[in-house]
Amino acid sequence: MSLSRRAFLADATAAAAVSKAAAAAATAAAAATATATAPPAAAPPPAHPGKSVTIERIDVFPVRYPVIGRFKFFERPDGRPGGRAAVLVRITASDGTTGWGQSVPIPRWSYETQETVLTTLRNHLIPRWIGRDPFDEQGLARELDSAIAPSFSTGQPICKAGLDLALFDLTGRLLGQSAAQRWKLPGSPTVTLSWTLNPRHIGEVEDLVAQGRARGYRHFNVKVAPDPRADLELCRLVKRLVPDGFLWADANGGYDEATALAVAPKLADIGVPVLEQPLPSNRLTGYRRLKKLGALPILMDEGIVSHVELQEFIRLELLDGVAMKPARCGGITEARRQIEIARDAGLLVLGSGLTDPDVSLAASLALYGAFDLKYPAALNGPQFLEGSVLRTPFTVTRGELAVPKGPGLGVEVDPSRIEPLTDRDA
């Protein structure tokens, strides 16, 4: 086992041990208090304070954010930026409280599109939630799975994430709690970011790294595959330019098994600490061989949507960690569950994203800040996107983003800012 792999797994195991010890201590303290005071039996408190509310209305807004620079997933066939399509979701409760969410499909990354998100929300999902209690999370989740059934995993998770985020924002506002407060976690005030490199050729790398460093970034994630020779050259150069930075290689499922087995030890020798999604999601025996090889920790991204397959893949010993994306797995509620499962199993958890614009980005920051993730997060929305629907848009400072402090997702949407970004072709 390589030094980097040993160190990473030791960190993850230690974090899981601390988490379990803290939970055990809290349980013991609660039991001791209950025994000492011996209170009379009482009914459990209500799930939420104040008067009962229901979901009265759900609106959707197709938007498209301008793309700056080059990111391969948003290129048109002619090579020009095509814009970042998204769908804003607003849930209005019967007392007038609103919650905002966002679905962020990328057809070149997964099968969902802005069009499928809109039709699925309008025709299948939204009607199921009208009139329901927003705090009935399990019942609402069952309605979504009943309307759009799972196949191998969650059906249309990127679409469903928009509703989940809006619901979390709404209930958080009704409770007056941020994500960290709601989950009783100390959290972190900031999230450190990683700068994404996806050069057309090696000659672009130095300038791209310089752009990131000029904006205060100290850590870099690189897109690799399918050419291992070019990938090794790229990683050597980035490691030379930023020797102390965290260098994260993401193949997006672009290697075949033989190539991945050959390139993993060479990436480890260069100093790359993790390799994300080296194979297509359904090459499970290949993942087992890569993990058994032990050259460096293997993360899954596209291969995990729900906690069901995460638990199964852990039992099958297919992975060393997860590159988490709330937008990919149906929202912040499911993402939190997966982080807890991974940490309990001693796996690594790295924060990532789907080039999230403002509202989806807020959810990722709330999640990663609450769990105080150790490693830099590959949240590249601020790197590649322009425009915002927030009253106070996010600003990267010294390669970090502040975690929103308000209730729910912690941000305020300005409806007047939606109009300039409206996608009129949707």
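Position numbers for residues count from 1 along each chain, tracking the sequence in the order it is written. Note on the predicted model: pLDDT of at least 70 is required for a residue's local features to be given, and 80 or more for side-chain atom pairs to be given and counted; whole-chain, interface and lining totals, by contrast, use all residues. Heavy atoms from the whole structure form the basis of all side-chain values; hydrogens and water molecules are not counted.

*Asks:* What exactly am I supposed to notice about the overall build of the chain here?
*Replies:* A count of helical and extended segments in the chain gives 13 helices and 12 strands. When accessible area is computed with a 1.4 Å probe and restricted to protein chains, residues below 20% of their type maximum are described as buried, those above 50% as exposed, and intermediate ones as partly exposed. Looking at the chain as a whole, 54% of its 426 residues qualify as buried. Counted over contacts in the chain with a minimum sequence separation of 6, partners at least 24 positions apart contribute 75%. Starting at the N terminus, helices and strands are each numbered in turn, a helix being any DSSP run of H or I of at least four residues and a strand any DSSP run of E of at least two. Here a residue-residue contact requires only that any non-hydrogen atoms of the pair lie within 4.5 Å.

*Asks:* I keep staring at the packing of aromatic side chains and nothing clicks. Help me out?
*Replies:* Pairs of aromatic rings are described using the distance from one ring centre to the other and the angle between the two planes. For Phe, Tyr and Trp, rings pair up if their centres lie within 6.5 Å, where Trp contributes its six-membered ring, and each pair is then called stacked (planes under 30 degrees apart), edge-to-face (over 60) or tilted (otherwise). For the structure shown, the criterion picks out 9 aromatic pairs. Between the aromatic rings of F71 and F74, the centroid separation amounts to 5.8 Å while the plane-to-plane angle is 50°, which identifies the pairing as tilted. Of the two residues examined, F71 and F74, each falls in the buried class. Counting as a charge over the ring demands two things of the Lys NZ or Arg CZ atom: a distance within 6 Å of the ring centre and an angle within 35 degrees of the ring normal. The ring of F168 carries R182 above its face, with NZ or CZ at 4.6 Å from the centroid.

*Asks:* Sorry, what's going on with the side chain of K160 here?
*Replies:* Among the secondary structure elements, K160 is positioned in helix 4 (residues 157-175). According to the relative accessible area criterion, K160 is buried, its value standing at 4%. A distance of 2.8 Å separates a polar atom in the side chain of K160 from the backbone oxygen of I148. Leaving out residues up to four positions away in the same chain, K160 has contacts with L125, L144, D145, I148, T154, G155 and G330. Polar contact is the term for a pair of N or O atoms within 3.5 Å; when the atoms are in protein, one must be able to donate a hydrogen and the other to accept it, and sequence-neighboring residues count only if both atoms are side-chain atoms.

*Asks:* Looking at this model, I keep getting lost on the nonpolar core. Mind explaining?
*Replies:* Across soluble globular proteins, nonpolar side chains show a tendency to be buried alongside one another. In these notes, a set of buried Ala, Val, Leu, Ile, Met, Phe, Trp, Tyr and Cys residues joined through side-chain atoms within 4.5 Å is what counts as a nonpolar core. Residues V222, L296, L319, M324, L367 and V389 are the most contacted members of the largest nonpolar core, which totals 96 residues. Within the second largest apolar cluster, 23 residues are counted, among which are A93, I148, L163 and L167.

*Asks:* Please clarify how the pattern of salt bridges should be interpreted in this entry.
*Replies:* Any two side chains of opposite charge can pair, on the condition that their charged atoms come close. For this document, the term salt bridge refers to a Lys or Arg side-chain nitrogen within 4 Å of an Asp or Glu carboxyl oxygen. Throughout the structure, instances matching the rule amount to 22 salt bridges. The closest approach of N and O atoms between D320 and K291, which form a salt bridge, is 2.8 Å. Of the two residues, D320 sits in the loop between helix 10 (307-315) and strand 10 (321-324) while K291 sits in helix 9 (residues 284-293), which places them 29 residues apart along the sequence. By relative accessible area, which is 18% here, K291 ends up buried. Overlapping salt bridges, with partners in common, bring together R128, R132, D136 and E143 in one network.

*Asks:* Sorry, what's going on with the sheet that holds strand 5 (residues 195-197) here?
*Replies:* What links the strands of a sheet is backbone hydrogen bonding, and the strands pair in either a parallel or an antiparallel sense. Strand order in the open sheet formed by 7 strands is 5-6-7-8-9-10-11, and the pairing between neighbours is parallel. Taken across any chain shown, the strands that pair with only one partner, and hence form the sheet edges, are strand 5 and strand 11 (348-351). Averaged over all pairs of adjacent strands, the angle between strand axes in this sheet comes to 30°, irrespective of strand direction. Criterion used throughout: strands pair if DSSP finds at least two bridges between them. Lines fitted to the C-alpha atoms define the axes, with helices restricted to the stretch that makes contact. Angles between their N-to-C directions range from 0 to 180 degrees.

*Asks:* Please clarify how the sheet that holds strand 3 (residues 98-103) should be interpreted in this entry.
*Replies:* The strand order 1-2-3 describes an open sheet built from 3 strands, whose pairing is antiparallel. Sheet topology places strand 1 (55-65) and strand 3 at the edges, where each strand pairs with a single neighbour. Each strand of the sheet is rotated relative to its neighbour by a mean of 20°, with strand direction disregarded. Here 10 bridges tie strand 1 to strand 2 (residues 84-93), and the two strands are oriented antiparallel to one another. Opposite Y65, over in strand 2, you have R84 as the bridge partner. Along the sheet, helix 4 makes contact with strand 1, strand 2 and strand 3, crossing strand 3 at roughly 155°.

*Asks:* Sorry if this is basic, but what is going on with the confidence of the model for the chain here?
*Replies:* Confidence of the predictor at the level of single residues is captured by pLDDT, which takes values from 0 to 100. Across the chain, the average pLDDT comes to 90, with 88% of residues at or above 70. In the predicted structure, residues 12-47 sits below a pLDDT of 50 and forms 11 contacts with residues beyond four places in sequence or in another chain.

*Asks:* What should I look at first to understand unusual backbone geometry in this one?
*Replies:* Negative phi values dominate among residues other than glycine, just as trans dominates among peptide bonds. With omega at 10°, the peptide bond leading from A225 into P226 counts as cis. With respect to the helices, strands and loops of the structure, A225 is situated in the loop between strand 6 (220-223) and helix 7 (228-241). Look at D372: it is not a glycine, yet its phi comes out positive at around 50°. Summarising the element assignment, D372 is placed in the loop between helix 12 (358-371) and helix 13 (381-384). With relative accessibility at 46%, the residue D372 sits in the partly exposed group.

*Asks:* Honestly, the packing of helix 2 (residues 114-129) against helix 4 in this entry has me stumped. Any pointers?
*Replies:* Helix-helix packing: each pair is described by the crossing angle between the helix axes and the interaxial distance. Where helix 2 meets helix 4, the axes come as close as 9 Å, and the angle between the chain directions of the two elements is 45°. The orientation of helix 2 with respect to helix 4, classified from their angle, is oblique. At the point where helix 2 passes helix 4, the crossing takes the right-handed sense. Side by side, helix 2 and helix 4 meet where V117, T120, L121, L125 and W129 of the first sit next to C159, K160, L163 and L167 of the second. An angle counts as roughly parallel when it lies under 35 degrees, as roughly antiparallel when it exceeds 145, as roughly perpendicular when it falls between 65 and 115, and as oblique in every other case. We call a crossing left-handed when the near helix sits turned anticlockwise from the far one by less than a right angle, and right-handed when that turn is clockwise.

*Asks:* What exactly am I supposed to notice about helix 11 (residues 332-344) here?
*Replies:* Along an α-helix, residues three or four positions apart point the same way, because every turn accommodates 3.6 residues. The span you would expect from a helix comes to 1.5 Å times its residue count less one. An ideal rise of 1.5 Å per residue puts 18 Å on 13 residues; helix 11 measures up with 18 Å between its terminal C-alpha atoms. Three or more residues of helix 11 are buried, namely I332, E334, A335, Q338, I339, I341 and A342. Along its buried surface, helix 11 packs onto helix 4, helix 5 (179-183), helix 10, strand 10, strand 11 and helix 12. Positive backbone phi, at 75°, marks G346, one or two positions downstream of helix 11.

*Asks:* Just checking my understanding: could you explain the pairing of strand 2 for this structure?
*Replies:* Within a regular strand, the side chains alternate between the two sheet faces. Most of strand 2 sits inside the fold, with 9 of its 10 residues counted as buried. Where strand 2 meets strand 3, 6 bridges bridge the pair, whose relative direction is antiparallel. Each residue of the ladder has a partner; that of T92, found in strand 3, is T98. The turn joining strand 2 and strand 3, which pair antiparallel and follow one another in sequence, is formed by 4 residues; a positive phi near 95° is taken by G96.

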